[in-house]
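# Fold and contact review
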Amino acid sequence: MGNSLKTIVAFVPSKKCQKYLLEDLEEMPVDKMVDLSGRQLRRLPLHICSFRELVKLYLSDNNLNHLPPELEQLQNLQILALDFNNFKALPLVVCTLKQLCILYLGNNKLCSLPLELRFLQNLKTLWIESNCLQHLPEVVCELSLLKTLHAGSNALRTLPPQLQGLQELRTIWLSGNLLSDFPPVLLDMPFLEVIDVDRNSIRFFPSLAHLPGLKLVIYDHNPCRNAPKVAKGVRRVGRWSEETPEPRKRSGAVIDITLDERPLLPPAVKTEPE
């Protein structure tokens, strides 16, 4: 009943109704975090933009498709969660938040990312999974401090060669795309620790034994004829791996190594920057 009422109230722009959705959030919390996830919001309340010392803002699971220009006032923001909304384009105001370390954009309707994303040079973790991307936007390759890239469940067929320039990148998640070949650029990224190409259409895997930083490769659910060769001590998850029988789900050992993976917990405890 509560959620149904919020859904109805969300259509009413009056201050009283919006205050009900915000549950009397009038002052910035002491922990400098605001969590408005799952409030059925259709617009971001402007007074949130007056919390200039805000560090974490969670807007997941709402009905947002735009953000006000006043968001630019939040220049101390380090974590912004916009996943599970209705964005067809990333609002450019997000690209003015130059202290952002973690940006969640998953489960929207994004077909591209703006060139202005390059201004987020402190970004370390980017989640763009479950969108409508047919190509990995080349602007992602300009995020020089990026450590974790989550681009699963899109329609990617290739990766740009410029990705090789991301020398801080350690984890790349590409599951649920349309890759028919293992991306060649990944063979020239010796610093990668985790490669996930689960649920693609890869028929042949080249050797990955030359990648000294590799710790885990997930290649399950591909129509492959071989398992990728890896160096001693590297964990593989997929057909003909060390696991017997073939694992059908990721084990605890996999979770232990994916330090930057999004936790299946309430938004208030999402991954935080190092």
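These lines cover the structure that appears in this document, whether it is placed above or below. (Residues numbered from 1 in each chain as written. Predicted model: local features only at pLDDT ≥ 70, side-chain atom pairs only at ≥ 80, totals over all residues. Heavy atoms only, no water.)

### Some remarks on the packing of aromatic side chains
Overall, the coordinates contain three aromatic pairs when judged by the stated rule. When the ring of Tyr 104 is compared with that of Trp 127, the centres are 5.8 Å apart and the planes differ by 45°; the resulting orientation is tilted. Taken together, the residues Tyr 104 in strand β4 (residues 102–104) and Trp 127 in strand β5 (residues 125–127) connect sequence positions 23 residues apart. Within the aromatic cluster, the residues linked to one another by ring pairs are Phe 182, Phe 205 and Tyr 219. (Phe/Tyr/Trp six-rings, centres within 6.5 Å; stacked < 30°, edge-to-face > 60°. Helix = DSSP H or I, 4+ residues; strand = E, 2+ residues; numbered from the N terminus.)

### Overview of unusual backbone geometry
In this structure, Asn 107 takes a positive phi of about 60° despite not being glycine. Residue placement: Asn 107 occurs in the loop between β4 and β5. Even without being a glycine, Ser 130 presents a positive backbone phi close to 55°. Here Ser 130 shows up in the loop between β5 and β6 (148–150). Residue Ser 130 is classed as partly exposed on the basis of its relative accessible area of 24%. (Buried < 20%, exposed > 50% of the residue type's maximum accessible area, 1.4 Å probe, protein only.)

### Points about the nonpolar core
Judged by nonpolar contacts, the single largest core of 70 residues is most densely connected at Leu 163 and Leu 186. For this core, the domains that each give at least three residues are domain 1 (28–115) and domain 2 (133–242). Among residues more than four places away in sequence, those in contact with Leu 186 are Leu 159, Leu 163, Ile 172, Leu 174, Leu 192, Ile 195 and Leu 211. Core analysis: the next-biggest nonpolar cluster, separate from the first, contains eight residues, Met 33, Tyr 58, Ala 81 and Cys 101 among them. (Core = buried A, V, L, I, M, F, W, Y, C linked by side-chain atoms within 4.5 Å. Domains from an automatic or database assignment. Contact = heavy atoms within 4.5 Å.)

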